[in-house]
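# Remarks on the overall topology
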Amino acid sequence: MFEWPELPLGLPVFLTERGEFPMDVRVADPISRSRIEAPLPTLLAHVPDHESDIEKILVSGEEIQATVRRLGEEITRDYQGQDLLLVGVLKGAFVMMADLSRHIRLPLEFDFMAVSSYGAATKTSGVVRILKDLDHEIEGRNVLLVEDIVDSGLTLNYLLKNLRTRRPASLEVCALMEKQGMAQVPVSIKYRGFEIPPEFVVGYGLDFNERYRNLPYIATLKPEAYEGILG
Ligand code: IMP
């Protein structure tokens, strides 16, 4: 007999005739079972409340995952036999950092910096404020700065200058996305994911007014989604 159990995200899943999960599903434990939903279509309805705000999906969850895996493999190859400290730029990079680190098959340490460059706007102000500094010294360490998106490059430029003064053994950047033609300052990105058009995007850690970070894809918002928030 078939049953239609509800998974945590509300999507039903077929059981086999014997009432078991299909092979690839059974390996998941009950808590992580929701992960099997990731390969399903576009996950546009991942957060139903946000669905009406989405204009278009620029990068699908599947494309992101494939790229993050590729970046993780490159980093694994390049840092063989060396210590590596991943520094995530909060808040946006927390999703990328979690996924990327699980594709780096090396001993890792983690630290985070929180900076603010946009506030509740969709254009960079050029003024970078450090809201949270690193917890540890980085002198003599191999540091890989993990950024979600590079737009004008001002944030990254500021962070790199700041971190260089602390004398790390090496300092490189891994950025999931770069906006085409927007650089105001040159920044050297060693591990690069996607180039995207110069539009404001949300999802996969990126927010507008602190929302949409938990979307598994990168999307633009309809103009109505900004109404009442941008003056
Ligand atoms: P930049 O200093 O102009 O390169 O901006 C970098 C920072 O601004 C990123 O770390 C993001 O936090 C934020 N940012 C840039 N573009 C976007 C976007 O399209 N959506 C959301 N946040 C963005």
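These remarks concern the structure in this document. Numbering of residues starts from 1 in each chain and follows the order in which that chain's sequence is written. Local features in this predicted model are restricted to residues of pLDDT 70 or higher, and side-chain atom pairs are both shown and tallied only at a pLDDT of 80 or more, whereas totals for entire chains, interfaces and linings draw on every residue. Note that water and hydrogens are dropped before the side-chain values are worked out from all heavy atoms of the structure.

## With respect to the overall build of the chain
Rules: Helix numbers and strand numbers start at the N terminus; a helix is a DSSP run of H or I with at least 4 residues, a strand a run of E with at least 2. The rule is simple: take the accessible area with a 1.4 Å probe, protein chains only, and divide by the maximum for that residue type; under 20% is buried, over 50% is exposed, in between is partly exposed. Two residues form a contact once any of their heavy atoms are found within 4.5 Å. Surface accessibility follows the Shrake-Rupley procedure with a 1.4 Å probe radius. Residue values consider only the protein chains on display as shielding.
A tally of helices and strands in the chain yields 5 helices and 8 strands. Each helix and strand of the chain, placed in order from N terminus to C terminus, yields the pattern α-α-β-α-β-α-β-β-β-α-β-β-β. Counting all 231 residues of the chain, 46% fall into the buried class. For the chain, contacts bridging at least 24 residues in sequence account for 63% of all contacts bridging at least 6. Accessible area for the chain stands at about 12500 Å²; split by element, carbon and sulfur atoms hold 54% of it.

## Structural notes on the pattern of salt bridges
Counted only if it meets this: We define a salt bridge as a contact between a side-chain nitrogen of Lys or Arg and a carboxyl oxygen of Asp or Glu at a distance within 4 Å.
Scanning all chains against the criterion turns up 16 salt bridges. Its salt-bridge partner being Arg 167, residue Glu 139 comes within 3.7 Å of it at the nearest N-O pair. With Glu 139 in the loop between strand 4 (129–132) and strand 5 (142–150) and Arg 167 in the loop between helix 5 (154–164) and strand 6 (170–179), this residue pair connects regions lying 28 residues apart in the sequence. Side by side, Glu 139 and Arg 167 carry an identical accessibility label, which is exposed. It is possible to trace a salt-bridge network through shared partners that takes in Lys 91, Asp 207, Glu 210 and Arg 213.

## Focus on the pairing of strand 3 (residues 109–116)
Keep this limit in mind: By this definition, two strands are paired if DSSP reports at least two bridges between them. With its strands directed away from the observer, a crossover is right-handed exactly when the path from the first strand over the helix to the second travels clockwise.
Pairing geometry for strand 2 (residues 85–90) and strand 3, over 6 bridges, is parallel. Bridge pairing links Gly 88 to Phe 112 in strand 3. Chirality of the crossover, the property in question, places the unit of strand 2, helix 4 (residues 94–101) and strand 3 among those that are right-handed. Of the strand pairs in this sheet, strand 3 and strand 4 are connected by 3 bridges, and their pairing is antiparallel. The residue of strand 4 that forms the bridge with Ala 114 is Lys 132.

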